[in-house]
Protein chains: 2
Amino acid sequence: MKRDSRLSSVLHALLHMAEHDGRMTSDALAQCLGTNPVVVRRTMGLLRRQGLVDSDRGPSGGWRITADLDKVTLRQLHEALGEPAFFAIGHRQEAPECLVEQAVNAALDDAFDEAEALLLKRFAHVTLADLAKDFARRHRERKAAKD
Amino acid sequence: MKRDSRLSSVLHALLHMAEHDGRMTSDALAQCLGTNPVVVRRTMGLLRRQGLVDSDRGPSGGWRITADLDKVTLRQLHEALGEPAFFAIGHRQEAPECLVEQAVNAALDDAFDEAEALLLKRFAHVTLADLAKDFARRHRERKAAKD
DNA sequence: CGAATCGTAACATATAAAGTTACATGAAGC
DNA sequence: GCTTCATGTAACTTTATATGTTACGATTCG
C-alpha cells in the first residue's frame with residue numbers, strides 16, 4: 001500500500017509558512033514540498049475548512065496560518081485531513097459470520113485499537129509550536145557545526 | 001492504500017487447521033477464507049519457511065500445523081510474513097536535507113515508533129492457543145444462545 | 001484589461017495487494 | 001507406469017488508493 005503522507009506535507013508546509021512573513025503561494029509551497037501546486041491547494045483546502053489557514057486570490061494572494069501555533073496539534077491536523085486510517089494492516093472481512101474470523105478480528109482489534117489510542121493521545125500533545133521549536137534547535141545546531 | 005490482510009488470513013487459516021484433524025488442502029482453506037488456493041499457497045509458504053506448518057503433495061496432501069499452538073505468537077507470524085509495515089501514514093521523504101522536514105519526520109517517528117513498539121509487545125504476548133480459546137468461548141456462547 | 005492566484009473537476013500515473021491462469025513437479029493408488 | 005490429486009511458482013490481471021497533472025473558471029490587484 002502506498003502510504004498517506006499528507007500529514008507530513010501539511011506540517012512541512014505550515015512550518016515553512018510560520019517561518020515566512022506574509023502569504024505563501026501554492027507554487028512556493030509546492031516547491032518546498034517537491035510537489036504540485038494543485039496538490040497543495042487540495043490539501044491546504046482541508047485545513048481552511050477547519051479555520052487553521054486562509055487563502056487569498058489574485059496577486060499578493062496565497063496562504064497564511066490563522067491559528068495560534070501553540071494551539072494547533074497534530075491531532076487537529078489529522079482530523080482536518082479526514083482522519084485517514086493509521087494502519088496498513090487490517091481484516092479480510094469487516095463483519096464476518098465465521099466465529100474463527102470473529103476471534104481473529106477481535107484479537108487484532110484489541111491491539112490496533114490500543115495503538116491508535118496511544119497515537120491519538122500523543123498527537124494531541126504535540127503542537128506546531130513544538131515542531132517550530134525543534135526546527136529552531138536544529139537550525140542553531142547546523143549553524144554551530146559550520147563554525 | 002489497500003491494507004495488508006495476510007496476518008488476518010493466516011490466523012484464520014491456522015485456526016481452521018487447528019480445529020481440523022489431518023491435513024487441509026489449499027482449496028479447502030481458500031474456501032474458508034473466501035479466496036484463491038494460489039493465494040493460500042503463496043502465503044502459507046512463508047509460514048513453512050519458518051517451520052510453523054508443512055505441506056505434502058499428492059492425494060492426501062495439504063497443509064498441517066507443525067508448531068505448538070502455545071508457542072506461536074502473532075509476532076512470529078508477522079515476522080514470517082516479512083514484517084510488513086504497520087502504518088498507512090508516513091513521511092514524504094525518508095532522509096530530507098530540509099531542516100523543517102527533518103523536524104517533522106522526527107516528531108512523527110517518535111509517535112509511530114512508540115506505537116509500533118506497543119504493537120510488537122502485544123503481538124508477542126498473544127498465541128494461537130489464546131485465539132483458539134477465544135474461538136471456543138464464542139462457539140459455546142452461540143450454542144447457548146440457540147438453546 | 002491583464003496578470004497573478006486560488007478552486008476544482010477530470011483525467012493520468014504509480015504503487016502495492018490480491019486474484020487468476022498456466023504449467024511444472026511430486027506423491028498415492030490402481 | 002498411468003492417472004489423479006495436490007503443491008510450487010512464475011507471469012499476468014485486477015483493484016484500490018495516493019499522488020500528480022491538465023485545464024479552465026473565478027477572483028483580485030494594479
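The structure displayed is predicted, hence computed values, not measured ones.

Caption draft 1: Seen up close, the pairing of strand β2 (residues 62-65) of chain B. Residues and elements named next belong to chain B. Pairing between strand β1 (residues 53-56) and β2: 4 bridges, direction antiparallel. From the neighbouring strand, Ser-55 faces β2, where its bridge partner is Trp-63. The antiparallel pairing of β1 with β2 creates a hairpin that spans 5 residues between the two strands, and Gly-58 there sits at a positive phi of about 80°.

Caption draft 2: Layout of the packing of aromatic side chains. All names here are of chain A. The full count for this structure, using the stated rule, is 11 aromatic pairs over all chains. With 5.8 Å between their ring centres and 75° between their planes, Phe-86 and Phe-123 make a pair best called edge-to-face. Of this pair, Phe-86 sits in the loop between α4 (74-80) and α5 (99-125) while Phe-123 is found in helix α5, placing the two residues 37 residues apart along the sequence. Classification of Phe-86 as buried rests on a relative accessible area of 3%. Phe-123 sits in the buried class, given a relative accessible area of 0%.

Caption draft 3: Expanded view of helix α1 (residues 6-18) of chain A. Residue and element names in this part refer to chain A. Compared with an ideal rise of 1.5 Å per residue, which puts 13 residues at 18 Å, α1 spans 18 Å between its outermost C-alpha atoms and is within 8% of the ideal. The element α1 is extensively covered by neighbouring structure, given that 11 of its 13 residues are classed as buried. Taken together, the buried positions of α1 are occupied by Leu-7, Ser-8, Ser-9, Val-10, Leu-11, His-12, Ala-13, Leu-14, Leu-15, His-16 and Met-17.

Caption draft 4: View of the relation of the copies chain B and chain A. The transform that puts chain B on chain A rotates by 180° and translates by 0.0 Å along the axis, for an RMSD of 0.0 Å. The superposition of one copy onto the other is thereby described by a two-fold rotation axis. Residue by residue, 100% of the interface of chain B is reproduced at the interface of chain A, so both copies engage with the same surface.

Caption draft 5: Here's a closer look at the nonpolar core. The biggest cluster of nonpolar side chains holds 88 residues, and the ones touching the most others in it are Leu47(A) and Leu47(B). Apart from residues lying up to four places away in sequence, Leu47(B) is in contact with Val10(B), Leu14(B), Leu52(B), Val53(B), Leu77(B), Ala80(B) and Leu81(B).

Caption draft 6: Representation of a negative patch on the surface in the model. All names here are of chain A. A surface patch of negative charge is lined by Glu-83, Glu-94, Asp-109, Asp-110, Asp-113 and Glu-116. Mapped onto the fold, Glu-83 is located in the loop between α4 and α5. Using a relative accessible area of 51% as the deciding quantity, one classes Glu-83 as exposed.

Caption draft 7: Quick peek at the interface of chain B and chain A. Counting residues at the interface gives 53 residues for chain B and 53 residues for chain A. The contact between chain B and chain A buries some 5,100 Å² in all, and 66% of this surface belongs to carbon and sulfur atoms. Per-residue buried area on chain B facing chain A is highest for Ile89(B), Arg92(B) and Leu99(B); these three make up 14% of the total on that side. Put simply, chain B and chain A have 2 salt bridges between them.

Caption draft 8: Inspection of the pattern of salt bridges at higher detail. The full count for this structure, using the stated rule, is 20 salt bridges over all chains. With a shortest N-O distance of 3.0 Å, Arg138(B) and Asp134(B) are connected by a salt bridge. Pair noted here: Arg138(B) and Asp134(B) are both in helix α6 (residues 128-146), with a separation of 4 residues, about one helical turn. On the basis of relative accessible area, Asp134(B) is assigned to the buried category, the value being 16%. Linking Glu141(B) and Arg137(B) is a salt bridge whose minimum nitrogen-to-oxygen distance equals 3.0 Å. Separated by 4 residues within a single helix, Glu141(B) and Arg137(B) lie in helix α6, roughly one turn from each other. Residue Glu141(B) is classed as partly exposed on the basis of its relative accessible area of 48%. The class for Arg137(B) is partly exposed, based on a relative accessible area of 34%. Three or more residues joined by partner-sharing salt bridges are found here, namely Arg23(A), Asp54(A), Asp56(A) and Arg64(A).

Each value, and the rule that gives it
- Residues numbered from 1 in each chain as written.
- Chains lettered and ligands numbered in written order.
- Predicted model: local features only at pLDDT ≥ 70, side-chain atom pairs only at ≥ 80, totals over all residues.
- Heavy atoms only, no water.
- Pairing = 2+ DSSP bridges.
- Helix = DSSP H or I, 4+ residues; strand = E, 2+ residues; numbered from the N terminus.
- Phe/Tyr/Trp six-rings, centres within 6.5 Å; stacked < 30°, edge-to-face > 60°.
- Buried < 20%, exposed > 50% of the residue type's maximum accessible area, 1.4 Å probe, protein only.
- Expected span 1.5 Å × (residues − 1).
- Least-squares fit on C-alpha atoms with pLDDT ≥ 70 in both.
- Contact = heavy atoms within 4.5 Å.
- Core = buried A, V, L, I, M, F, W, Y, C linked by side-chain atoms within 4.5 Å.
- Patch = residues over 30% accessible without salt bridge, like charges linked within 9 Å, V, L, I, M, F, W, Y side chains within 5 Å.
- Areas by Shrake-Rupley, 256 points an atom, 1.4 Å probe, with all protein chains shown as cover.
- Salt bridge = Lys/Arg side-chain N within 4 Å of Asp/Glu carboxyl O.
- Lys, Arg positive; Asp, Glu negative; His and termini not counted.
- Charge placed at Lys NZ, Arg CZ, Asp CG, Glu CD.
- Buried area = accessible area lost by both parts, 1.4 Å probe.

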